[in-house]
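Understanding the architecture of this molecule
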Amino acid sequence: MSSIKQLLSGGARQFGMLFALLALIIYFQIATGGRVLTPSNAQNLLNGNSYILILAIGMVLVIIAGHIDLSVGSVAAVTGIIVAIAIRDWGIPWWLGIVLGLCVGAVIGAWQGWWVAYVGIPGFITTLAGMMLFRGLNQFIGKSNTVPVPQELQTLGGGYLPEWGPNTGLNNSTLLLGVLAVGAVVWAEVRRRASARKLGAEPVPTSVAVTRVVLFGAVIAYLTYLYGSGRVGTSFPVPALVLVLLVVVYQFVASRTITGRHVYAVGGNRAAAALSGVNIKRTNFFVMMNMSILASLAGMIFIGRSTASGPFDGNMWELDAIAAVFIGGAAVSGGVGTVVGSVIGGLVMAVLNNGLQLMGVGSDMTQIIKGLVLLIAVAFDVYNKVQGRPSIIGLIFPSRRDKGTGAVTGADDAQPEVPVEAGATAAKG
């Protein structure tokens, strides 16, 4: 078991949801006669779900901070119609339309963040109002009509990396992306060992490090072949590349920056965060504003894929994003969750939906199964916490232990009821 923990950098427990994803892929690959792991299906899987996974990246920060955002689908819809009309009727270039869309998301996020952070209205109520407000605004601005978008925006939402260079048997852009990914794995391993030595710790055995690099390298090589060997004109999807870049950036922000630590602190123990000097108002404002900006990006990617903006865009997106976050390991009480885990949770739902469709299961049963998966995952977590056992969240993402007592601390622990003004801060000491 220790060898497995060393191999996976922190233990197999934190990879539980990834193992569940792999199990689903293997099951549906067998049940559908090999139709899951084909280039076209793999490309469609990412193309058709990238916008939900982008929403999950923002939603996990909102949920970690102890809030919920029900307006993301409506925000995406109103942004999409504004951008589509601006490009068609105002004659602005497509790239300026994207900038306009992000600015619209920022303004909406600032509006909702102000109500949550500085007025003190709960995020659930604020965004419920926003869901209705921006849905109506979408239909008012677009007069319930569809508005087409230009080819450049269609490429952003449903295009593929271009082909170039010599004939290698694979799409060269996808091949280059795979090589860079393998290089990143090697660099991360070297950096991990160097950091361990710098801190005076013993790095994992060389054989374990090499095995780890080979294992992840093999997975990346297979995915490179899968996405690069499709029909002519296809390769790794452009929206999936946007998703990968966002995952890298937001995983860094959440785990390596002061802002990320403040988000976890506010969600884990709001009173303690305030007493430690965390600006709760600013943190809450940030997570709500950031969510709307990502929702606007998701909306533009969706209208690019569907080639037009319409009055029914964004319906139920918030529920898919929230489900992805909770299935990916976030705690209902806040303070626990990761960007990567939420994306994996979203992929679990995407693979489940895709596999059931390939098996010919109707949309009614598909919704029933997805709902049960979400309910069982959260119910199992709650049951284990009530019984005093480690929750599924704790199994996937082990909590920190207090160095002096060995006691586990984290968002699953009972929090002291200390009355603290929303947004109050206190200097350390």
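Above: the structure in question.
Residues numbered from 1 in each chain as written. Predicted model: local features only at pLDDT ≥ 70, side-chain atom pairs only at ≥ 80, totals over all residues. Heavy atoms only, no water.

A count of helices and strands for the chain gives 18 helices and four strands. Buried residues in the chain amount to 46% of all 429 residues. For the chain, the proportion of contacts with a sequence separation of at least 24, taken over those separated by at least 6, is 76%. When the accessible surface of the chain is split by element, carbon and sulfur atoms take 67% of a total near 20800 Å². (Helix = DSSP H or I, 4+ residues; strand = E, 2+ residues; numbered from the N terminus. Buried < 20%, exposed > 50% of the residue type's maximum accessible area, 1.4 Å probe, protein only. Contact = heavy atoms within 4.5 Å. Areas by Shrake-Rupley, 256 points an atom, 1.4 Å probe, with all protein chains shown as cover.)

End to end, helix H10 (residues 206–228) covers 32 Å across 23 residues, agreeing with the expected 33 Å (1.5 Å per residue, within 8%). Val-208, Ala-209, Arg-212, Val-213, Gly-217, Ile-220, Thr-224, Leu-226, Tyr-227 and Gly-228 are the residues of H10 that are buried. (Expected span 1.5 Å × (residues − 1).)

In total, this model carries three salt bridges according to the counting rule given. Its salt-bridge partner being Glu-189, residue Arg-212 comes within 2.8 Å of it at the nearest N-O pair. On the criterion of sequence distance, the pair formed by Arg-212 in helix H10 and Glu-189 in helix H9 (residues 172–198) is long-range, its members being 23 residues apart. Take Arg-212 and Glu-189: they sit in the same class, and that class is buried. One network of salt bridges, with partners in common, ties together Glu-189, Arg-192 and Arg-212. (Salt bridge = Lys/Arg side-chain N within 4 Å of Asp/Glu carboxyl O.)

For any two aromatic rings, the description comes down to two numbers: the centre-to-centre distance and the angle of the planes. This structure, assessed with the given rule, holds eight aromatic pairs. Ring geometry for Tyr-51 and Trp-317: centres 4.5 Å apart, planes at 40°, overall tilted. With Tyr-51 in helix H4 (residues 50–64) and Trp-317 in helix H15 (residues 317–327), this pair connects stretches of sequence that are 266 residues apart. A relative accessible area of 5% places Trp-317 in the buried class. Measuring from ring centre to ring centre gives 4.9 Å for Phe-302 and Trp-317, while their planes differ by 75°; the resulting arrangement is edge-to-face. (Phe/Tyr/Trp six-rings, centres within 6.5 Å; stacked < 30°, edge-to-face > 60°.)

Right, let's talk about the layout of surface pockets for a bit. When its volume is computed, the second largest pocket comes out at roughly 400 Å³. At the level of secondary structure, the elements contributing two or more residues to the lining of the second largest pocket comprise helix H3 (39–47), H4, H15, helix H16 (339–358) and helix H17 (363–386). For the lining of the second largest pocket, the leading source of residues is H16, giving six residues. Across the lining of the second largest pocket, the residue classes tally to nine nonpolar, 12 polar and two charged. (1 Å grid on protein atoms, 1.4 Å probe; cavity = no way out; pocket = protein on both sides within 12 Å on 5 of 7 lines; lining within 4 Å. Points joined across faces, edges and corners; volume = space filled by probe spheres on them. Nonpolar A, V, L, I, M, F, W, Y, C, P; charged D, E, K, R; others polar.)

Time to look at unusual backbone geometry. Residues apart from glycine generally show negative phi values, whereas peptide bonds are mostly found in trans. Of note, the phi angle at Lys-143 is positive, near 50°, even though the residue is not glycine. Its identity is not glycine, yet Ser-144 carries a phi of approximately 60°, on the positive side. With respect to the helices, strands and loops of the structure, Ser-144 is situated in the loop between helix H7 (123–142) and strand S1 (147–148). You can call Ser-144 partly exposed: its relative accessible area is 45%.

Our next topic: the environment of Leu-177. With respect to the element layout, Leu-177 can be found in helix H9. Classification of Leu-177 by relative accessible area gives partly exposed; the value is 28%. Counting along the chain gives 43 residues from Leu-177 to Ile-220, while the straight-line C-alpha distance between them is 9.7 Å. Once residues lying within four places of it in the same chain are set aside, the contact partners of Leu-177 are Leu-161, Phe-236 and Leu-241.

What follows covers a nonpolar patch on the surface. Side chains of Leu-37, Val-219, Tyr-222, Leu-223 and Tyr-225 sit close together on the surface and give an oily, nonpolar patch of about 450 Å² of accessible area. Of note, Tyr-222 is situated in helix H10. According to the relative accessible area criterion, Tyr-222 is partly exposed, its value standing at 37%. (Patch = residues over 30% accessible without salt bridge, like charges linked within 9 Å, V, L, I, M, F, W, Y side chains within 5 Å.)

This next bit is on the packing of H4 against helix H14 (residues 280–306). Where H4 meets H14, the axes come as close as 9 Å, and the angle between the chain directions of the two elements is 175°. Considering their axes alone, H4 and H14 lie roughly antiparallel with respect to each other. Listed contacts from H14 to Tyr-51, Ile-54, Leu-55, Ile-57, Gly-58, Met-59, Leu-61 and Val-62 of H4 are Val-287, Met-288, Asn-290, Met-291, Leu-294, Ala-295, Ala-298, Ile-301 and Phe-302. Counted by class, the contact of H4 with H14 contains 15 nonpolar, two polar and no charged residues. (Axes fitted to C-alpha atoms, helices over the stretch in contact; angles between N-to-C directions. Parallel < 35°, antiparallel > 145°, perpendicular 65-115°, else oblique.)

Time to look at the nonpolar core. Counting residues in hydrophobic clusters, the biggest one holds 89 residues, and the most contacted among them are Ile-54, Leu-55, Ile-57, Met-59, Leu-153 and Leu-246. With 13 residues, H4 is the largest single contributor of residues to this core. With residues up to four places along the chain from it excluded, the contact list for Leu-153 reads Val-83, Ile-87, Ile-98, Met-300, Ile-303 and Gly-304. Membership of the second largest hydrophobic core comes to five residues, among which are Val-266, Ala-273, Ala-274 and Ile-280. (Core = buried A, V, L, I, M, F, W, Y, C linked by side-chain atoms within 4.5 Å.)

At a closest axis distance of 10 Å, the pairing of helix H12 (residues 258–268) and H14 adopts a crossing angle of 105°. By the angle between their axes, H12 is roughly perpendicular relative to H14. Contacts between H12 and H14 involve Thr-259, His-262, Val-263 and Val-266 on the former and, on the latter, Ile-280, Thr-283, Asn-284, Phe-286 and Val-287. Here the residues of the contact of H12 with H14 are counted per class, giving five nonpolar, four polar and no charged.

Read these as spatial facts, not as claims about activity.
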